[in-house]
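# Residue-level structural notes
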Amino acid sequence: MNRNLIRAFAIAMAALVVALGFAAGGVAKPSAQAGQQPAAAFKAPDTIDFRSANIMSEGVRLHAELFSLKTLAGKQLPTVIMAHGWGGTAAGFRRDAIELATAGYLVITFDYRGWGESDSRLILTGPAPTKKDSLKFTAEVTEVREIVDPLEMVTDWFNAIHWAMGEPMVDKNRIGLRGSSYSGGHVVYVAARDPRVRAIVSQVGSLDSRPKAIALAGAASDQVKLAYDEATKRARGEIGYPAPRARVVGNLQGAPIRDKLLLYAPVEDAAKLKDCAALFIVAEKEELFDNNDHAKVGHDRMTGPKKYVVVPGITHYGIYTTARAQAIKLAIEWFDQYLKK
């Protein structure tokens, strides 16, 4: 393949991965995972009821964490579901989850398949046995772990909602979603397709994975060609999935499945949010993508209840540091308005 094309795509993916490579608790680097306790070792404040659960998503067990006030035990509560963006885990949401729970919500966070404490999708390393007594058989498999596939991610979101509908403490008529950065787009995509979602909060959200949506190096057609070439090789068995936490660009973790990114543009779904109240929180000095191509256009296309808040003076990172308290306060106020009526 032409070296210039490969170099152009590498630069392009750098822009894309950097633009989307932030979980709600921070950038998806090894240090973001370090020091995070597994659920079994985590101790919530004495006022909080904390437990883990398993969500089944296309046969894969997803790790989930639930938070609520002990004083509200046994009551049906407005529920907020959260998941990270690119490369993070549910453990990074615990601080926000505790604050939402303290405000009177049941909070459900989860790890995507192949990430954190969730199981992985499995692939046979060879043909299935020809002789089987039932649908069960023994075979060698390999895990698909710690890659970034937005279509798989949103499917996990849908299944988290399905699971929540069977939880006794969940008020089925008061469901909210909260996402940040890449998952700030996921909540738009999911709410546009699931009428049970009453309200969403999308903070510093990236709502379009298509090459033309970001200032990519090289022609968009070249980026598409390379993504399709890779997809063809994978479909023909010539290449497999990337290694876990592959460092595609710099120190960022989680290789994207590029052809899936080409199909993913939640910004096109925003007009479907008619009965769902949407709060978009953006950084005034967003340096990773143009808000006007993402949250702003998504907000403008909506016809239902909506609000667009610009947090002054911060860049993308600031939503997790100096503006974190402001962001969670805005989220709680929004959910209070639309989930506690």
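These remarks concern the structure in this document. (Residues numbered from 1 in each chain as written. Predicted model: local features only at pLDDT ≥ 70, side-chain atom pairs only at ≥ 80, totals over all residues. Heavy atoms only, no water.)

A separate point is the pairing of strand β11 (residues 197-203). β11 sits mainly inside the fold: six of its seven residues count as buried. When strand β10 (residues 170-180) meets β11, the two strands line up parallel, connected through six bridges. When the sheet's bridge partners are listed, isoleucine 175 is paired in β11 with valine 197. For the segment spanning β10, helix α5 (residues 182-191) and β11, crossover handedness is right-handed. Note: β11 against strand β13 (residues 277-283), five bridges, orientation parallel. Within β13, the residue paired with isoleucine 200 across the bridge is alanine 278. (Buried < 20%, exposed > 50% of the residue type's maximum accessible area, 1.4 Å probe, protein only. Helix = DSSP H or I, 4+ residues; strand = E, 2+ residues; numbered from the N terminus. Pairing = 2+ DSSP bridges. Right-handed = clockwise from strand over helix to strand, strands pointing away.)

On to the sheet that holds strand β5 (residues 77-82). Ordered in space as β3-β4-β6-β5-β10-β11-β13-β14, the eight strands form an open sheet in which the pairing is mixed. With one partner strand each, in any of the chains shown, β3 (48-57) and β14 (306-311) form the two edges of the open sheet. On average, adjacent strands in this sheet sit at an angle of 20° to one another, irrespective of strand direction. Two strands pair when backbone bridges link them, and β5 and β10 are joined in this way by five bridges, in the parallel orientation. Bridge pairing in β10 places leucine 77 opposite valine 170. α5 contacts β10, β11 and β13 of the sheet and is inclined by roughly 145° relative to β10. (Axes fitted to C-alpha atoms, helices over the stretch in contact; angles between N-to-C directions. Contact = heavy atoms within 4.5 Å.)

The terminal C-alpha atoms of helix α9 (residues 324-339) lie 22 Å apart, and with 16 residues this matches the ideal 22 Å at 1.5 Å per residue to within 8%. Those residues of α9 that fall on the buried side of the exposure criterion are Arg324, Ala327, Ile328, Leu330, Ala331, Ile332, Trp334, Phe335, Tyr338 and Leu339. Close packing links the buried residues of α9 with β5, α3 (94-102), β10, β11, β13 and β14. (Expected span 1.5 Å × (residues − 1).)

The next point concerns the side chain of serine 180. Note that serine 180 resides in strand β10. Polar side-chain contacts of serine 180 include one of 3.0 Å to the side chain of tyrosine 320. (Polar contact = N/O pair within 3.5 Å; in protein donor to acceptor, adjacent residues only side chain to side chain.)

Following both chains from N to C, one finds α3 and α9 inclined at 40°, their axes separated by 10 Å at the closest point. As summarised for this structure, α3 and α9 are arranged oblique, according to the angle between their axes. For the element pair α3 and α9, the recorded crossing hand is right-handed. In this structure, α3 contributes Arg95, Asp96, Glu99 and Leu100 to the contact, and α9 contributes Arg324, Ile328, Ile332 and Phe335. Among the residues making up the contact of α3 with α9, the classes are represented as four nonpolar, no polar and four charged. (Parallel < 35°, antiparallel > 145°, perpendicular 65-115°, else oblique. Left-handed = near helix turned anticlockwise from the far one by under 90°. Nonpolar A, V, L, I, M, F, W, Y, C, P; charged D, E, K, R; others polar.)

Honestly, it's all geometry; don't read function into it.
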